[in-house]
Amino acid sequence: MPEVQSPETRWSWVEIDLDAVRRNTAAFKRCLERGVQMMCVVKADAYGHGAVRCAHQMLRAGADQFAVADVEEGIALRQAGISEPILVLSEPPLESVGKLVEFDVMPSVYTQEFALALGECAAAHNKVAKYHLAVDTGMTRIGVLPEDVVEFRRAIDFHRGIECAGTFTHFATADVPGDWDFEMQRKRFDQAVGALRDAGLETGLVHCDNTPGTVLHPEIHYDMSRVGIGLYGLHPADSTRGRIDLAPVMSVRGRITRVVKPEVGTPVGYGATYRVPKPSIQIATVPIGYADGLARVLSNKMSVLVNGERCRQVGRICMDQFMFAVDVNGARAYKPTKPVSYGDVVTIVGRDGDEEITMDQMAAQRDTINYEVACDFGLRLQKIYV
């Protein structure tokens, strides 16, 4: 593989391909008709990819707005020079209204108490705080029920300190073509928006399509689509594959910190779940463990890539390190045949030569989704942008 950068203080890192971020953003932007805005979701530090750096690349490729999970994430974007609208995808605590007003970050709203507290704070600073009305159409997570939206808005709209900048819902099954629950949510949302308009109430930007919805349901892009996981080159479901071309953004790599050739029968790792079976086996150590996102459940089940070949991980994955085996005689179960050395680059997720390990493959081994795998790796490992 080509020469790679690595941190000076610890030989483990994630590589973030910023060109891939731009290309994925542009691909989703092309899904939208002229005039439809794109809200890029950069919550959880951009799903572990680095929110600030990714947001700037998304802006270059056509992002109009951003969405985050909490107030602090929104503030971090503001402090990094992002001036576009930022939406918090839930209603924060009452104590956060001062920060929301100060940094011009929009909350989702679905309780009268919070809405009025936001208005009072904004008015006290001679400002008008914008918010988005969340509508619970069947996700049963956040929002005002569709039948209550008009009454709710009438109860808060008198306040001069707040302004509705958007109305939205979130689909639970947008990735399932022809799903009945999706159709019911869509119908409830359309009825709620219609009721607000019939009552003469401003809806702001109407949005409901998430990443799979943006690809599979262009008929309901409405005023804006919210795109998340796809921006990072990961498909939200099999149903979107082949419908949009995405480039993986994150690779996970480390360097070998120790290589030994133990005697036959030597145990490896906690619990001695693996013992060296033959004298030609090398055992190499890499400083990545379950505290870095490499789930312990993968112990003795996964592979890594070294010198363009697959190697078997052995022993229990530790908190900060794992081990793998190499058979220098080239036995089929322990490829590659080339011995490994201190400092060699090891790929946990990503491409090395003709071989590749994907987030989806690792997610399947963990019985989870690629979202979780990416977020986990992004928590502690240093990010190197390429």
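Further up the page is the structure itself.
These figures come from a predicted structure and were not determined experimentally.

(A) Quick peek at the overall build of the chain. On a plain count of helices and strands, the chain comes out with 11 helices and 20 strands. Principal-axis analysis of the C-alpha atoms gives the chain an extent of 80 × 45 × 40 Å. With 386 residues in all, the chain has 53% of them scored as buried. Summarising the internal contacts of the chain: among those between residues at least 6 apart in sequence, 66% fall at separations of at least 24. If you sum the accessible surface of the chain, you get close to 16900 Å²; carbon and sulfur atoms cover 48% of it. Both charge centroids of the chain, one from 42 positive and one from 50 negative side chains, sit 7 Å from each other.

(B) Broad picture of the environment of T240. Positionally, T240 belongs in the loop between β9 (224–227) and β10 (250–255). The exposure class assigned to T240 is buried, which follows from its relative accessible area of 1%. C-alpha of T240 to C-alpha of T214: the two residues are 26 residues apart in sequence and 9.7 Å apart in space. The residues contacting T240, other than those within four sequence positions of it, are P212, V215, L216 and H235.

(C) Structural view of the pairing of strand β6 (residues 129–134). β6 sits mainly inside the fold: 5 of its 6 residues count as buried. In terms of strand pairing, strand β5 (residues 106–109) meets β6 through 2 bridges, oriented parallel. Within β6, the residue paired with V109 across the bridge is L133. Regarding topology, helix α6 (residues 112–124) serves as the crossover connection from β5 to the parallel β6, and that connection is right-handed. Two elements, β6 and strand β7 (residues 162–168), share 6 bridges in a ladder whose sense is parallel. Across the sheet, K130 pairs through a bridge with E163, a residue of β7. Running through helix α7 (residues 149–156), the crossover from β6 to the neighbouring parallel element β7 is right-handed.

(D) Quick look at the nonpolar core. If you look at the biggest cluster of nonpolar residues, it comprises 106 residues, and the most contacted ones within it are M58, F66, L294, F322, F324, I348 and F377. Not counting chain neighbours up to four residues away, the residues in contact with F66 comprise M39, C40, V42, A55, M58, L59, L77, I82, E84, P85, I86 and L87. With 9 residues, the next largest nonpolar core counts Y274, V276, I283 and A325 among its residues.

(E) Molecular detail of the packing of aromatic side chains. Here the structure, examined in full by the defined rule, presents 5 aromatic pairs. Plain terms: the ring middles of Y47 and Y232 are 5.1 Å apart, the flat faces sit at 35 degrees to each other, and that makes the pair tilted. Taken together, the residues span a long stretch of sequence, with Y47 in helix α2 (residues 43–47) and Y232 in the loop between β9 and β10 at a distance of 185 residues. The same class applies to Y47 as to Y232, namely buried. Considering the side-chain rings of F189 and Y222, the 6.5 Å spacing of their centres and the 35 degrees angle between planes classify their relative orientation as tilted. With a gap of 33 residues between them, F189 in helix α8 (residues 180–198) and Y222 in the loop between α9 (211–216) and β9 connect regions that are remote in the sequence. Here the aromatic cluster, defined as three or more aromatic residues joined through ring pairs, consists of Y47, Y232 and Y371.

(F) Here's a closer look at the pairing of β7. Of all 7 residues in β7, 6 are buried; the element is thus mostly enclosed. In this sheet, strand β8 (residues 205–207) lies alongside β7 in parallel orientation, the contact comprising 3 bridges. Among the inter-strand pairings, G166 is bridged to a residue of β8, identified as L205. Since β7 and β8 lie parallel, the crossover through α8 that links them has a hand, and here it is right-handed.

(G) Structural view of the packing of α7 against α8. Following both chains from N to C, one finds α7 and α8 inclined at 45 degrees, their axes separated by 9 Å at the closest point. Regarding the angle of α7 to α8, the classification is oblique. For the element pair α7 and α8, the recorded crossing hand is right-handed. For the pair formed by α7 and α8, the contact residues are V149, V150 and R153 on the first element and A192, A195 and L196 on the second. Within the contact of α7 with α8, the residues separate by chemical class into 5 nonpolar, no polar and 1 charged.

(H) Layout of the side chain of E73. One can find E73 in helix α4 (residues 71–79). Notably, E73 is buried but unbridged: the nearest opposite-charge side chain belongs to K43, and the N-O separation is 8.2 Å. Leaving out residues up to four positions away in the same chain, E73 has contacts with K43, A44, D45 and V68.

Here is what the cut-offs are and how they apply
Residues numbered from 1 in each chain as written. Predicted model: local features only at pLDDT ≥ 70, side-chain atom pairs only at ≥ 80, totals over all residues. Heavy atoms only, no water. Helix = DSSP H or I, 4+ residues; strand = E, 2+ residues; numbered from the N terminus. Buried < 20%, exposed > 50% of the residue type's maximum accessible area, 1.4 Å probe, protein only. Contact = heavy atoms within 4.5 Å. Areas by Shrake-Rupley, 256 points an atom, 1.4 Å probe, with all protein chains shown as cover. Lys, Arg positive; Asp, Glu negative; His and termini not counted. Charge placed at Lys NZ, Arg CZ, Asp CG, Glu CD. Pairing = 2+ DSSP bridges. Right-handed = clockwise from strand over helix to strand, strands pointing away. Core = buried A, V, L, I, M, F, W, Y, C linked by side-chain atoms within 4.5 Å. Phe/Tyr/Trp six-rings, centres within 6.5 Å; stacked < 30°, edge-to-face > 60°. Axes fitted to C-alpha atoms, helices over the stretch in contact; angles between N-to-C directions. Parallel < 35°, antiparallel > 145°, perpendicular 65-115°, else oblique. Left-handed = near helix turned anticlockwise from the far one by under 90°. Nonpolar A, V, L, I, M, F, W, Y, C, P; charged D, E, K, R; others polar. Salt bridge = Lys/Arg side-chain N within 4 Å of Asp/Glu carboxyl O.

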